[in-house]
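# A closer look at the structure
In case you want the letters, here they are:
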Amino acid sequence: MKMTVIAGVTAVSLMAASSMSVAQAGQGEWATAGKVLTGVFAAGVLARALEPAPTTAVVYQTPPPVVYQPAPVYQPVYQPAPQVVYQAPPQVVYQAPPPVVYYSAPAPVYYPAPVVVVRSGCYPVYHHPYRRW
């Protein structure tokens, strides 16, 4: 199967190489570029066909041995319960409330109303920097 593919690709590339004509200036520059790219592609296909097949290696490893260790033994530690010490509640002390002191408010102070003076015959003069309104 592989040899028939190689023979077919070689035959197609030889036919393409023999059918190339001499390109003249102004006639077929794009054709020349296409032929060059086709040759590069054919060379890539040929190189890929000649590569050796990838090999797959299977390696079997034995699992590491399982070692069981005995669980540690814990000895219970007994402690006596702490002694409870009861204290007498604090003694309640009653105090008399502070005495209430009443005082009289100061007498109100009256101030005379302000006087506003309005001049009826004099108007303020407004000044504009350019003297235009």
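Everything discussed here concerns the structure shown above.
Residues numbered from 1 in each chain as written. Predicted model: local features only at pLDDT ≥ 70, side-chain atom pairs only at ≥ 80, totals over all residues. Heavy atoms only, no water.

## Observations regarding the overall build of the protein chain
For clarity, the threshold we go by: Put simply, DSSP H or I for four residues or longer makes a helix, DSSP E for two residues or longer makes a strand, and each gets a number counted from the N terminus. Each accessible area is a Shrake-Rupley result for a 1.4 Å probe, and residues are judged covered by the shown protein chains and nothing else.
Scanning the protein chain from terminus to terminus reveals two helices and zero strands. Summing over all exposed atoms, the protein chain offers an accessible surface of approximately 14,700 Å²; the carbon and sulfur share of this is 66%.

## Quick look at the environment of Ala-42
Applied cut-off: Residue contacts are defined here by distance: any two heavy atoms, one from each residue, within 4.5 Å place the two residues in contact.
Along the chain, Ala-42 falls in helix 2 (residues 29-50). With 29 residues separating them in the primary sequence, Ala-42 and Ser-13 have C-alpha atoms 6.6 Å apart. Each residue touching Ala-42, except ones within four places of it in the same chain, is listed here: Val-9 and Ser-13.

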